[in-house]
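# A structural walkthrough
These are the residues of each chain, in order.
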Amino acid sequence: MRRFLIAGNWKMNCGPSDAAGLLEGLKEQKSEVSEDVDVLVCPPYVSLSMSVNYLHDTDIQVGAQNLHFEDNGAFTGEVSASMLTEAGCAYVIIGHSERRQYFGETDESVNKKTHKAIDHNLGPVVCVGESLEQRKEGIHFDLVKDQVTAAFDGINEVDALDVVIAYEPIWAIGTGETASPEQAQEMHAHIRSVLSDLYDEDTSEGVRILYGGSMKPGNAEELLGQKDVDGGLIGGASLDAESFAQIITIAEKLS
Ligand code: PEP
């Protein structure tokens, strides 16, 4: 059975002092996490090192929200994979829809970043998902297939198992609107069949696929209870220690 991964995407929230407060609350709410569930928080760059230090005596891991695909050089404002591993990151979010929408992230850059993360033993959390217009047009399955296919281009079946996919329908991110459990399961099963075509059945079964889009304690059980949903990428609710801890507890119960 795949292990659940419960990941918090803090977006552009929580500099070091707010991060300390949130992590303190999380440690109070969830002093121990079952070994069947992986928990991850993804603070902004400036709060990564302090979060790693703060969480060193817990099982909660830390990830970044982006990386650059070059190793170093004249790329003002960017951060490389080796810098993230040096800061203690275990994962990195790649291709979040907000980065695709506002910062020119493309399927090609997502693929380059995924390769770079793998080269540096950072677990890539690759985000895919359609807009409401694309869903209404009925092209959401093809679009997600193209995004997954592009992200995994050139990645062998061994490394593919280290990639986490986050299916995040754009219309459900930060809107309070959630995909129904059936809609989530349908897309997750589709992604698994795309992976099966790209690799084989075992690989497709081994890759973790998270759901993201207004997941909260009130809907987490139904969503995480779906056969092909292996965890959640959680924005808003991860900024509240109690809510995030409740979602972790739900994942523990379902494990
Ligand atoms: C996200 O930012 O990845 C996300 C899913 O946000 P929210 O949970 O707030 O919809």
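Look up: the structure comes first, before these words.
Residues numbered from 1 in each chain as written. Predicted model: local features only at pLDDT ≥ 70, side-chain atom pairs only at ≥ 80, totals over all residues. Heavy atoms only, no water.

## Section: the overall build of the chain
For the chain, the helix and strand inventory stands at 12 helices and 8 strands. Against the globule reference of 18 Å for 255 residues, the chain gives a C-alpha radius of gyration of 17 Å, in line with a compact fold. For the chain, the spread of C-alpha atoms along the three principal axes comes to 45 × 45 × 35 Å. In the chain, which comprises 255 residues, the share counted as buried stands at 54%. For the chain, contacts bridging at least 24 residues in sequence account for 73% of all contacts bridging at least 6. With the model as given, the accessible surface of the chain reaches about 11,300 Å², and the carbon-plus-sulfur share is 47%. One way to put it: in the chain the 18 positive side-chain charges average out to a point 2 Å from where the 43 negative ones average out. (Helix = DSSP H or I, 4+ residues; strand = E, 2+ residues; numbered from the N terminus. Rg over C-alpha atoms; globule rule 2.2 N^0.38 Å. Buried < 20%, exposed > 50% of the residue type's maximum accessible area, 1.4 Å probe, protein only. Contact = heavy atoms within 4.5 Å. Areas by Shrake-Rupley, 256 points an atom, 1.4 Å probe, with all protein chains shown as cover. Lys, Arg positive; Asp, Glu negative; His and termini not counted. Charge placed at Lys NZ, Arg CZ, Asp CG, Glu CD.)

## Quick notes on the site of the ligand
Neighbouring the ligand are 14 residues, the closest being K11, E168, G174, S214 and G236. Contact between the ligand and K11: an oxygen atom at 2.7 Å from a side-chain N or O atom of the residue. Interatomic distance of 2.8 Å between a backbone N/O atom of G236 and an oxygen atom of the ligand. Surface burial for the ligand is 96%, taken as the share of its 290 Å² of free accessible area covered by protein chains. When grouped by side-chain class, the residues that make up the shell around the ligand number 4 nonpolar, 8 polar and 2 charged. (Near = heavy atom within 4 Å. Polar contact = N/O pair within 3.5 Å; in protein donor to acceptor, adjacent residues only side chain to side chain. Nonpolar A, V, L, I, M, F, W, Y, C, P; charged D, E, K, R; others polar.)

## A word on the side chain of D228
Considering the arrangement of structural elements, one finds D228 in the loop between helix 11 (217-224) and strand 8 (231-234). The exposure class assigned to D228 is buried, which follows from its relative accessible area of 3%. There is a polar contact of 2.7 Å between the side chain of D228 and the side chain of Q185. Here D228 is in contact with R2, Q185, H188, A189, R192 and I209, once residues within four sequence places are set aside.

## Section: the sheet that holds strand 1 (residues 4-9)
Taking strand neighbours around the barrel as the criterion, the 8 strands line up as 1-2-3-4-5-6-7-8 in a closed arrangement whose pairing is parallel. This sheet shows a mean twist of 25° between the axes of neighbouring strands, independent of strand direction. Note that strand 5 (residues 123-128) and strand 6 (residues 164-167) share 4 bridges and pair parallel. Residue pairing for strand 6: V128 is matched across the bridge by Y167. Strands in contact with helix 12 (residues 241-254) are strand 1, strand 2 (37-42) and strand 8; relative to strand 1, the strand with the most contacts, it is inclined by about 170°. (Pairing = 2+ DSSP bridges. Axes fitted to C-alpha atoms, helices over the stretch in contact; angles between N-to-C directions.)

## Description of the pairing of strand 4 (residues 91-94)
On strand 4, burial covers both faces: Y91 and I93 on one face and V92 and I94 on the other are all buried. Of the pairings in the sheet, the one linking strand 4 to strand 5 comprises 4 bridges and is parallel in character. Bridge assignment links V92 to a residue of strand 5, and that residue is P124.

## Observations regarding the pairing of strand 3 (residues 60-64)
Buried residues dominate strand 3, accounting for 4 of its 5 residues. In this sheet, strand 3 lies alongside strand 2 in parallel orientation, the contact comprising 3 bridges. By the bridge assignment for strand 3, V39 is matched with I60. For the crossover from strand 2 across helix 2 (residues 48-54) to strand 3, the handedness is right-handed. Each parallel crossover has a hand, and for strand 3 linked through helix 3 (residues 81-86) to strand 4 it is right-handed. (Right-handed = clockwise from strand over helix to strand, strands pointing away.)

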